[in-house]
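Read off the chains here:
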Amino acid sequence: MTQQSAPPAEDRTRLPRGLARELFTVKRDPLPKMSRPRWLAWLPHVILCYVAIPCGVLTGMQLNDHYKVYGAAVLGLSLLTSASVVLSMFRPIAAWWLGLVTTALIAWVLHDHVGHGQSWPWTPAGPFTLAPVILMVALRVPPRVTVSVIGITLALNGLADISLRPPQSQTIIGGVALLFGFVGILGYALRATRLARSKLVEQETLTEEERARRTLLEERSRIARELHDVVAHHMSVISIQAQVAPHLVENPSDELKENLAGIRENALEALTELRRVLGVLRSEQPDDPATRQHPQPTLAELEGLVDNVRGAGLEVTTEIAGIRRPLTPGVELTAYRIVQEALSNALRHAPGSRVEVGIAYGPRDLHLCVANTAPTRSAPSSPGAGHGLLGMRERAGMLGGELAAGPRPDGGYEVSAVLPMDPQELSAVPDPETKRAT
């Protein structure tokens, strides 16, 4: 069996040294105020001040009535007793030492005045005048310090009983031990309750911060999709236009081809960097930058979007059915972004195809369909994995709608979506993109 090595001497002495520093300190440790109700915040302090007065008065009365001690010493010891209780509100350890010194002085004054059967070194009320001080200690220091305080008090009491107790007196150390033990346990329980409440408040604060952080991350995820929808679409258009432009000019010069190839290469590099930044924005929490606010697009700008795609060399037709009417901002924005992303995908993956954009206004739902035929030439490689379909599905699902995407039998591709005209989710959790549309 392996023998465990003894801990280093420094570790063995660390605890006693720390305990000694906590027992011989006069640092300020004010009694906490009550948190609720606020108008009773200072109630513990007021009660303790009222307790200090009868403690001093009771000490003086017992010195006079029971032990026949008179003079200025009685007034001084009464004031020290009250002072130790008041001091415990601000410096509990120092107040305990003051209480011990006061008890020792009382025992010294009483030594020659103790009658048959009278208690010593405590007066009958002496333990009860020190009990509030020990309670204040137990409320604000660790349990090991409280045990040490009670242990030292009882040890000094026992030492005095053994070496200095008058023969005719009686000891009450058993009752003192029970009283101080009860007060220590009560103080420990109240302290543990207070610490548990503070931990609960701290945990609730952390939960609120975590909820706010999660909300911020969700917001940044929406910003990432918005960034992908807008920038990636326009960069794709630039890339396709640069690729198609040489075929629109008879006998293009080598210099023109080289410049257009450079434009396309730069656009593809920009798309690659965009996807890298987009991945960081989706996975991390960068500092909140100051962003400009712009109006969000709606279906009223659909013709401009289609004309832009036509300029890139793609044949696009549109068809609108039903009574066209304004929709809620969230539905307008989501419908526009779905059509935009679908057209952008057609530009990237189906060059030379024909695209049909259909929008149908139903009584309760808005139906979207973007379908393209098979491409007439091979599509250029697209670096990185896009988030287009994921973004479209998330946008539709956020409104309570549905989105389907897949290949067609003729080799083309189709994206269709159904969006509710008046989604209930918007009334409960407004879309941050909608709130930014000012």
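Structure's up top.
Note that the coordinates shown come from a computational prediction; the quantities given were computed from them, not determined experimentally.

Enquirer: Quick rundown of empty space enclosed by the protein? Include the residues and the values.
Expert: Unoccupied space between atoms shows up once a probe the size of one water molecule is rolled over them. Inspection of the entire model under this criterion finds 2 cavities of 30 Å³ or more. Put simply, the largest cavity is a space of about 130 Å³. Along its surface, the largest cavity is lined by 13 residues, and Thr81, Thr103, Ile106, Gly126 and Thr129 are the ones closest to its centre. When residues of the lining of the largest cavity are traced back to their parent elements, those giving at least two are α3 (72-87), α4 (92-110) and α5 (126-140). Looking at the lining of the largest cavity element by element, the count peaks at 4 residues for α4. Partitioned by chemical class, the residues of the lining of the largest cavity number 4 nonpolar, 9 polar and no charged.

Enquirer: Pulling in residues and values, what's your account of the sheet that holds strand β2 (residues 354-361)?
Expert: Across the sheet, which stays open at both edges, the 5 strands sit in the order β1-β2-β3-β5-β4 with mixed pairing between neighbours. In this open sheet, the two edge strands, each paired with only one partner strand, are β1 (315-321) and β4 (402-407). Each strand axis lies, on average, 10 degrees off the axis of its neighbour in the sheet, ignoring direction. Both β1 and β2 contribute to a ladder of 7 bridges, which runs parallel. Along β2, the bridge assignment pairs Ile320 with Ile359. On the sheet, helix α9 (residues 302-311) packs against β1 and β2 and is oriented at approximately 160 degrees with respect to β1. Each of β1, β2, β3 (365-372), β4 and β5 (413-420) touches helix α10 (residues 329-349); the most contacted strand, β3, lies at about 10 degrees to it.

Enquirer: Residue-level account of the side chain of Arg140, with values.
Expert: With respect to the helices, strands and loops of the structure, Arg140 is situated in helix α5. This buried residue, Arg140, is left without a salt bridge; Asp29 holds the nearest opposite charge, at 4.2 Å. Engagement of the side chain of Arg140 in a polar contact is seen with the backbone oxygen of Ser88, the distance being 2.7 Å. Within the structure, the side chain of Arg140 is placed 3.2 Å from the backbone oxygen of Met89, a separation counted as a polar contact. Those residues in contact with Arg140 that sit more than four places away from it in its chain are Asp29, Pro30, Leu31, Pro32, Ser88, Met89, Phe90, Arg91, Pro92, Arg191 and Arg194.

Enquirer: Hey, could you go over the environment of Glu258 for me, with residue numbers and the actual values?
Expert: Tracing the sequence through the fold places Glu258 in helix α8 (residues 254-283). When its relative accessible area of 59% is taken as the criterion, Glu258 is described as exposed. Taking the C-alpha atoms as reference points, Glu258 and Pro246, 12 residues apart in sequence, are found 10.0 Å from one another.

Enquirer: I'd love a proper account of the packing of α9 against α10, names of residues and values included.
Expert: With their axes 11 Å apart at the nearest point, α9 and α10 run at an angle of 5 degrees to one another. The angle between α9 and α10 places the two elements in the roughly parallel class. Where α9 abuts α10, its residues Leu302, Leu305, Val306 and Val309 lie against Tyr336, Val339, Gln340, Leu343 and Leu347. A breakdown of the residues in the contact of α9 with α10 according to their chemical character gives 8 nonpolar, 1 polar and no charged.

Enquirer: Tell me about the packing of aromatic side chains, and please be specific about residues and values.
Expert: For the coordinates displayed, the defined rule picks out 3 aromatic pairs. An angle of 25 degrees between the planes, with centres 5.2 Å apart, marks the rings of Phe24 and Trp97 as stacked. With Phe24 in the loop between α1 (9-23) and α2 (43-65) and Trp97 in helix α4, the pair connects residues that are 73 residues apart, well separated along the chain. We classify Phe24 as exposed; its relative accessible area is 60%. With a centroid separation of 5.9 Å and 75 degrees between ring planes, the pair formed by Trp122 and Phe180 is classed as edge-to-face. Taken together, the residues span a long stretch of sequence, with Trp122 in the loop between α4 and α5 and Phe180 in helix α7 (residues 173-244) at a distance of 58 residues. On the accessibility criterion, Trp122 (3% relative accessible area) is buried. Feature note: the residues Phe24, Trp96 and Trp97 constitute an aromatic cluster, connected by ring pairs.

Enquirer: So what's going on with α5? Residues and values would help.
Expert: Roughly 25 degrees is the biggest bend found in α5, and it falls at Pro132. Here α5 lies mainly inside the structure; 14 of its 15 residues are buried.

Enquirer: Would you mind going over the nonpolar core in detail, with residue names and values included?
Expert: Counting residues in each nonpolar core, the largest one holds 36 residues, and the members touching the most others are Val316, Val339, Leu343, Val355, Leu366 and Leu368. Going through the elements one at a time, α7, α9, α10, β2, β3, α11 (388-398) and β5 are the ones with two or more residues in this core. For this core, the leading source of residues is α10, giving 9 residues. Among all residues touching Val316, those that are not within four sequence positions of it are Val306, Val309, Arg310, Leu343, Val355 and Val357.

Enquirer: Tell me what's going on with the packing of α4 against α5, and back it up with residues and numbers.
Expert: Relative to each other, α4 and α5 sit at 155 degrees, their axes nearing to 9 Å. Overall, the two elements α4 and α5 adopt an arrangement that is roughly antiparallel. Judged by the twist between their axes, the crossing of α4 over α5 is left-handed. Counted together, Pro92, Ile93, Ala95, Trp96 and Gly99 of α4 and Leu130, Val133, Met136, Val137 and Arg140 of α5 form the full contact between these two elements. Grouping the amino acids of the contact of α4 with α5 by side-chain chemistry returns 8 nonpolar, 1 polar and 1 charged.

Enquirer: Describe the pairing of β2, listing the residues and the values that go with them.
Expert: Taken residue by residue, a regular strand's side chains alternate between the two faces of the sheet. Residue alternation in β2 divides its side chains into a buried set, Val355, Val357, Ile359 and Tyr361, and an unburied set, Arg354, Glu356, Gly358 and Ala360. Read as a crossover between parallel neighbours, the route from β1 over α10 to β2 is left-handed. Where β2 lies against β3, 7 bridges are found, and the strand directions are antiparallel. Within β3, the residue paired with Val357 across the bridge is Val370. Hairpin connection of β2 to β3: 3 residues between the antiparallel strands.

Rules behind the numbers
Along every chain, residues carry numbers that run from 1 in the direction the sequence is written. Selection of residues for local features in this predicted model requires a pLDDT of at least 70, selection of side-chain atom pairs for listing and counting requires 80 or more, and totals for whole chains, interfaces and linings are taken over all residues. Based on all heavy atoms of the structure, the side-chain values leave hydrogens and waters out of the count. In the cavity and pocket records, a cavity denotes points on a 1 Å grid over the protein atoms alone where a 1.4 Å probe fits but cannot get out, a pocket denotes an open set with protein on both sides within 12 Å along at least 5 of 7 lines, and lining residues are residues with an atom within 4 Å of a point. Grid points are joined across faces, edges and corners, and a volume is the space filled by probe spheres set on the points. Each helix is a run of H or I in the DSSP string that is no shorter than four residues. Each strand is a run of E no shorter than two, and both are numbered from the N terminus. Residue polarity is assigned by list, with Asp, Glu, Lys and Arg as charged and Ala, Val, Leu, Ile, Met, Phe, Trp, Tyr, Cys and Pro as nonpolar; anything else, Gly included, falls into the polar class. DSSP calls a pair of strands paired once it identifies at least 2 bridges connecting them. Every axis in this analysis is a line fitted to C-alpha atoms, fitted for helices over the stretch in contact. Angles between the N-to-C directions lie between 0 and 180 degrees. Here a residue-residue contact requires only that any non-hydrogen atoms of the pair lie within 4.5 Å. Summary of the burial criterion: residues with accessible area below 20% of their type's maximum are buried, those above 50% are exposed, and those between are partly exposed, where the area comes from a 1.4 Å probe applied to protein chains only. Under the convention used here, Asp and Glu are negative, Lys and Arg are positive, and both His and the chain ends fall outside the count. Criterion for a salt bridge: a side-chain nitrogen of Lys or Arg within 4 Å of a carboxyl oxygen of Asp or Glu. Two N or O atoms form a polar contact when they lie within 3.5 Å of each other; inside protein one atom must be a possible hydrogen donor and the other a possible acceptor, and for residues adjacent in sequence the pair counts only when both atoms belong to side chains. Relative orientations are named as follows: roughly parallel for angles under 35 degrees, roughly antiparallel for angles over 145 degrees, roughly perpendicular for angles from 65 to 115 degrees, and oblique for any other angle. Whether two aromatic rings pair depends on their centres lying within 6.5 Å, for rings of Phe, Tyr and Trp, where Trp uses its six-membered ring; planes under 30 degrees apart make the pair stacked, over 60 edge-to-face, and the rest tilted. At every residue, the bend is computed as the angle between two fitted axes, covering the seven residues ending there and the seven beginning there respectively. Take the buried Ala, Val, Leu, Ile, Met, Phe, Trp, Tyr and Cys residues and link them wherever side-chain atoms come within 4.5 Å; each set so joined is a nonpolar core. Each crossing is labelled by how the near helix is turned from the far one, with a counterclockwise turn of less than a right angle marking it left-handed and a clockwise turn marking it right-handed. Handedness is read with the strands pointing away from the viewer; a crossover is right-handed when the path from the first strand over the helix to the second is clockwise.

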